[in-house]
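# Summary of the model geometry
Each chain, letter by letter, is given below.
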Amino acid sequence: MANFFALIPAAGAGSRMRDELPKQYLPLAGKPMIYHALRTICSSLRIVRVFVVLAPGDDEWLRHDWSEFSGKLVVLQCGGATRAQSVLNGLQGARDISAIGDGDWILVHDAARPCLGETQLDKLMDELAGDEVGGLLAVPVADTLKRSDTSSRVACTESRENLWQAQTPQMFRYRLLVEALSMTGGATMTDDAGAVEALGLQPKLVLSDARNLKVTYPQDLALAELILRNS
Ligand code: C5P
């Protein structure tokens, strides 16, 4: 039986938030943002261990109390220059200190998605546990899509048929994920599924919903807070 592990890359600077503090530490519902995803993931009885990947020299993590997650949470200070590199470094660092099998599942979740719900997390694991490739939470695109020219004028309208917005967690087996990220070098990949696709595989899309939003711009924080307070 394959075990489930989680890995949270949290080594980004979050420059689009226009804040001195890296995005994962911004205050949200009384806690640093990353706390919320950690709470949901660490509470899952199916997940054996949770690895957080911080930037080398991150001195903010120790300013907060993480003791409620002790026993399950492992901190790795090996973040890289890109998200993909942080994930790859984290996977290697995780195996150095834990017995992770090639066939074990790794759920990679962005620290910037604080509103992940237990139901979505369970659904992902239920739907993919027997899958050959693995996959990700995602939502079908609802808006009409416009492609712009360089001066913000509409160049054309794109069909939204069969288009999905990728979310996290994204769940793949350890060996496949390391192979995929090592092969692509993570150059232009903004998610893990992209690296797996580059190997010619087709990750499965597991239907999620808009509550699992990614906090990218300052106005996203208020929405995330509303969702957390109502869940
Ligand atoms: O910047 P973006 O929102 O796409 O980042 C997604 C996730 O990847 C965040 O949790 C961020 O901290 C993480 N990341 C990382 N290492 C980087 C860049 C981003 O761990 N070099």
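Above: the structure in question.
The notes below deal with the structure included here. (Residues numbered from 1 in each chain as written. Predicted model: local features only at pLDDT ≥ 70, side-chain atom pairs only at ≥ 80, totals over all residues. Heavy atoms only, no water.)

By the secondary structure assignment, Q24 is in the loop between strand 1 (4-10) and strand 2 (27-28). Taking relative accessible area as the criterion, Q24 reaches 6% and is therefore assigned buried. Here the alpha-carbon distance between Q24 and G12, two residues 12 residues apart in the chain, equals 8.1 Å. Within the structure, the side chain of Q24 is placed 2.7 Å from the backbone oxygen of A10, a separation counted as a polar contact. (Helix = DSSP H or I, 4+ residues; strand = E, 2+ residues; numbered from the N terminus. Buried < 20%, exposed > 50% of the residue type's maximum accessible area, 1.4 Å probe, protein only. Polar contact = N/O pair within 3.5 Å; in protein donor to acceptor, adjacent residues only side chain to side chain.)

Turning our eyes to something else, we now look at the pairing of strand 1. Among the seven residues of strand 1, seven are classified as buried, and the element is accordingly described as predominantly covered. Residues F4, A6, I8 and A10 line one face of strand 1 and the alternating positions F5, L7 and P9 line the opposite face, and both faces are buried. Pairing of strand 1 with strand 4 (residues 47-54) involves seven bridges; the strand directions are parallel. Bridging from a neighbouring strand, P9 pairs with V53 of strand 4. (Pairing = 2+ DSSP bridges.)

Let us now look at a nonpolar patch on the surface. Together, W164, L205 and L207 give the surface a local cluster of nonpolar side chains, amounting to about 260 Å² of exposed area. With respect to the helices and strands, the residue L207 is situated in strand 11 (residues 204-207). (Patch = residues over 30% accessible without salt bridge, like charges linked within 9 Å, V, L, I, M, F, W, Y side chains within 5 Å. Areas by Shrake-Rupley, 256 points an atom, 1.4 Å probe, with all protein chains shown as cover. Salt bridge = Lys/Arg side-chain N within 4 Å of Asp/Glu carboxyl O.)

Within the largest apolar cluster, 29 residues are counted, with the highest numbers of intra-cluster contacts made by I34, L38, V50, V52 and W61. Secondary-structure elements contributing two or more residues to this core are strand 1, helix 1 (33-43), strand 4, strand 6 (105-108) and helix 3 (118-128). Of all the elements, helix 1 adds the most residues to this core, at five residues. Ignoring sequence-local partners within four residues, the contact set of W61 consists of Y25, I34, L38, V52, L54, W66, L73 and V75. (Core = buried A, V, L, I, M, F, W, Y, C linked by side-chain atoms within 4.5 Å. Contact = heavy atoms within 4.5 Å.)

Neighbouring the ligand are 16 residues; P9, A11, K23, G80 and S86 lie closest to it. One of the backbone nitrogen or oxygen atoms of P9 is found 2.7 Å away from an oxygen atom of the ligand. Measuring from a nitrogen atom of the ligand, one finds a backbone N or O atom of G80 at 2.9 Å. Computed on the free molecule, the ligand has an accessible area of 460 Å², of which 84% lies beneath the protein chains in the complex. (Near = heavy atom within 4 Å.)

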